[in-house]
Amino acid sequence: MKIDLLQMVEVGGCSAKIPPEQLEEILKYLPLPEDPNILVDIDTHDDAGVYKVNDDLALVFTTDFFPPVCSDPYEFGQIAAANSISDVYAMGGRPVIALNIMMFPASKMPLEAYIDILRGGADMAATAGVRIIGGHTIDDNPPKYGLAVIGYVHPRRIITNAGARPGDSMILTKPVGTGVILAGQRLKMASEKDITEAKRIMKLLNNSGAEVMKKYDIRGATDVTGFGLAGHALKMAKASNVSITLNVKRVPLIGKTYDLVDQGCIPGAAFRNLEYAEPDTRFASDLDYNLKMIAFDAQTSGGLLICVPNDSKDKVISGLKKAGLDNSSIIGSVNDYEDRFLYLNN
Amino acid sequence: MRTIDTRGQQCPVPIIATKKALKETKTGEAFKVLADSLTTLNNLTRFLKDNKTEFSVEESAGVWTLTIKKGAGDFVQAEADDYFIPHFSRGEFVVAFTSDKMGTGDDELGNLLMVNFIKAIKELDVLPAKMVFYNRGIMLGKDDSHVIEHLREIEKMGVKLLLCATCVNFYSLAEKIHIGTLSNMYEIAQTMASATNVIKP
């Protein structure tokens, strides 16, 4: 029997995150631990926490898991693992070890799906050079999978949300639209070609982009996931106390993402992300509505959003393209803070 | 009045149905949308406000009824057809269509080859910078041409289509061509001269 994981979920991937403003509210009740060795914590809404071991080594520690984004269990495992590991790359780290986090309805699904999800995760981890050394499973429906990952980083070479500097160009390494295409897939509006492309994008590790970042000594970057391109840009702007302008027409899109949104295929997560960002965002009066919503589309295993000093932007772009990230584009710029954190222009 | 029932449906289905109805409704006319989830209501009102569409909401027994009026200014923003998708990489080469058939020989075969050629362009890793059409080549751009859908798609991918205006007038096709840009011989010559390669099917 062919197993279709999508039969079991309403929202998949990073669309299943809880709304960002709710998360911020909850985090207020949690005391931030004080420890001089904590180099990065949730204060800057970064992708992972960073803990200094000694002057030459810090650990990047992150976790991420979510319900299925595709029908095939093996592919779901690959995508979930690539997404989890991505946070380490976004912080400038090298992922080393990981634990599986799994929720699986053992009474409702054949165990081979369970094995296939883990196999997909293991294969992706192996590609990234990550050793999976354990894990934990809970009986729950629908299935959910991801990793907790530890990576190494040099304490003085951490890349964070707080590293955006006025004058930087913003470079994005993958096209966006996974949330839209996945919603379109559920409604049978998306083409096979676009679904395949979206899955290819989600399976693409951010390691090659991370190598380029290291080579050019980048200090500010994040990976684009559940809060959407604009949501993550806003988090960077806040953490760096700058204003970021995104030019939505320069954002590369997966296949017919634009047409799907034009037909009204706008996932609920995009509205949640828009609501969160709105008070801190200035929208150009002629901003294309569809592109605006695409900028808030929740991405699963999205690309790196990198802040690059102006004099090295061409070298970084060509480095990324040479590394196989053909869609890498300059999509915006960083300026001194003025009035709002985020500006969306055509 | 037309009523769209989105009860029991999840996002984005209600938005899709509303957008479709908006496109089908005449300016000044109204329709109703029923919703039974707060999320749907919030997303719909958000969508309508952002698109400057007039509407009112009434609630009764847990069901919201939105009355939506189509105004003149709705959806004046770029339609998908006008928008170029910056996802495809474009090269510096130009394709010149001098005939509506590919190669010389049997006409039927020539037509078939041309369809396949134009389809193949869409699949290229690197798209042409521009495509120029002159003499019988402009027949390919007619509204009823058998490749028109493919050409529209290529144009949407960001490839500029230049059609020889003299040729369009000569064949009296001004009413039948709605694709690309009409162009003069200077621009066509300039385009071909600045290309790295010119491909002629």
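In this text the structure is predicted, and so the values were computed from the model without any measurement. (Residues numbered from 1 in each chain as written. Chains lettered and ligands numbered in written order. Predicted model: local features only at pLDDT ≥ 70, side-chain atom pairs only at ≥ 80, totals over all residues. Heavy atoms only, no water.)

Digging into the sheet that holds strand β9 (residues 198-199) of chain B
Residues and elements named next belong to chain B. To keep things clear, this is the line we draw: For two strands to pair, DSSP has to find at least two bridges joining them. Numbering of helices and strands runs from the N terminus; a helix is a DSSP stretch of H or I covering at least four residues, while a strand is a stretch of E covering at least two.
The strand order across the open sheet formed by 5 strands is β8-β7-β6-β5-β9, and the pairing between neighbours is parallel. Across the chains shown, the open sheet's two edge strands, defined by having one partner strand only, are β8 (181-183) and β9. Looking at chain direction, strand β5 (residues 94-97) and strand β6 (residues 130-133) are connected through 4 bridges and run parallel. Of the residues in β6, the one forming a bridge with Val 94 is Lys 130.

Some points on the sheet that holds strand β4 (residues 63-69) of chain B
All names here are of chain B. What counts here: Angles here are taken between N-to-C directions and fall from 0 to 180 degrees, while the axes themselves are lines fitted to C-alpha atoms, restricted in helices to the stretch in contact. Working rule for contacts: check all heavy atoms of both residues, and any pair within 4.5 Å makes them a contact.
Spatially, the 4 strands line up as an open sheet ordered β1-β2-β4-β3, and their pairing is mixed. Edge positions in the sheet fall to β1 (3-5) and β3 (54-60), since each has one partner strand and no second. Neighbouring strand axes in the sheet, compared pairwise and without regard to direction, differ in orientation by 20 degrees on average. As paired strands, strand β2 (residues 30-35) and β4 are joined by 6 bridges and run antiparallel to one another. If you follow Val 33 over to β4, its bridge partner there is Leu 66. Packed onto the sheet, helix α1 (residues 13-24) meets β1, β2 and β4 and runs at close to 175 degrees relative to β2. Those strands touched by helix α2 (residues 38-50) are β2, β3 and β4, and its axis lies near 15 degrees from that of β4.

Description of a nonpolar patch on the surface
All names here are of chain A. To keep it simple, the criterion reads: Distance thresholds for patches are 9 Å for like charges and 5 Å for nonpolar side chains (Val, Leu, Ile, Met, Phe, Trp, Tyr), applied to residues having over 30% relative accessible area and no salt bridge. Shrake-Rupley sampling with a 1.4 Å probe provides the accessible areas, and residues are treated as covered by the protein chains on show and by no other component. When a carboxyl oxygen of Asp or Glu is within 4 Å of a side-chain nitrogen of Lys or Arg, the pair counts as a salt bridge. Only protein chains enter the accessibility calculation, which uses a 1.4 Å probe; a residue whose area is less than 20% of its type maximum is buried, one above 50% is exposed, and one in between is partly exposed.
Taken together, the side chains of Ile 18, Leu 23 and Ile 26 make up a nonpolar region of the molecular surface, amounting to roughly 220 Å² of accessible area. Checked against the element boundaries, Leu 23 lands in helix α1 (residues 20-27). Its relative accessible area of 30% is what places Leu 23 among the partly exposed residues.

What about the packing of helix α7 (residues 228-240) of chain A against helix α9 (residues 268-277) of chain A?
Helix-helix packing is characterised by the crossing angle of the two axes and by the distance between the axes. Residues and elements named next belong to chain A. To be explicit about the condition: For classification purposes, angles smaller than 35 degrees are called roughly parallel, those larger than 145 roughly antiparallel, those between 65 and 115 roughly perpendicular, and all remaining angles oblique. Should the near helix be turned anticlockwise from the far one by less than a right angle, the crossing is left-handed, and should it be turned clockwise, the crossing is right-handed. Residues were grouped as follows: Ala, Val, Leu, Ile, Met, Phe, Trp, Tyr, Cys and Pro as nonpolar; Asp, Glu, Lys and Arg as charged; and all remaining residues, including Gly, as polar.
As a packed pair, α7 and α9 sit with axes 9 Å apart at the nearest point and diverge in direction by 25 degrees. Between α7 and α9, the angle is such that the two are roughly parallel. Crossing geometry of α7 relative to α9 is assigned as left-handed. Between α7, through Gly 228, Leu 234, Lys 235 and Lys 238, and α9, the contact on the second element is made entirely by Asn 273, Tyr 276 and Ala 277. In the contact of α7 with α9, the residues fall into 3 nonpolar, 2 polar and 2 charged.

Thoughts on the packing of aromatic side chains
Stated precisely, the cut-off is as follows: Pairing of aromatic side chains here covers Phe, Tyr and the six-membered ring of Trp, requires ring centres within 6.5 Å, and sorts the geometry by plane angle: under 30 degrees stacked, over 60 edge-to-face, intermediate tilted.
Taken as a whole and judged by the stated rule, the model has 9 aromatic pairs over all chains. Measuring from ring centre to ring centre gives 4.7 Å for Phe 97 of chain B and Phe 133 of chain B, while their planes differ by 5 degrees; the resulting arrangement is stacked. Of the two residues, Phe 97 of chain B is situated in strand β5 and Phe 133 of chain B in strand β6; the sequence distance between them amounts to 36 residues. Each residue in the set Phe 66, Phe 76 and Tyr 145 of chain A is aromatic and connected to the rest through ring pairs, giving one cluster.

So, helix α3 (residues 111-127) of chain A
Residues and elements named next belong to chain A. Short version of the rule: By this rule the span expected of a helix is its residue count minus one, scaled by 1.5 Å. Each C-beta atom gives one direction from the helix axis, and the arc is the one those directions make.
With 17 residues, α3 should reach 24 Å at 1.5 Å per residue; the first-to-last C-alpha distance of 25 Å fits that figure. Within the span of α3, buried status applies to Ala 113, Ile 117, Gly 120, Gly 121, Met 124 and Ala 125. Axial view of α3: buried residues confined to an arc of 130 degrees, hence all on one face. Residues of α3 that are exposed and point over 90 degrees away from its buried face: Leu 111 and Ala 126. Those residues of α3 hidden inside the fold are in contact with α2 (73-90), β4 (94-103), β5 (131-138), β6 (144-153) and α5 (192-203). Immediately downstream of α3, the backbone of Gly 129 shows phi near 75 degrees, a positive value.

Read these as layout, nothing more, since geometry by itself doesn't imply function.
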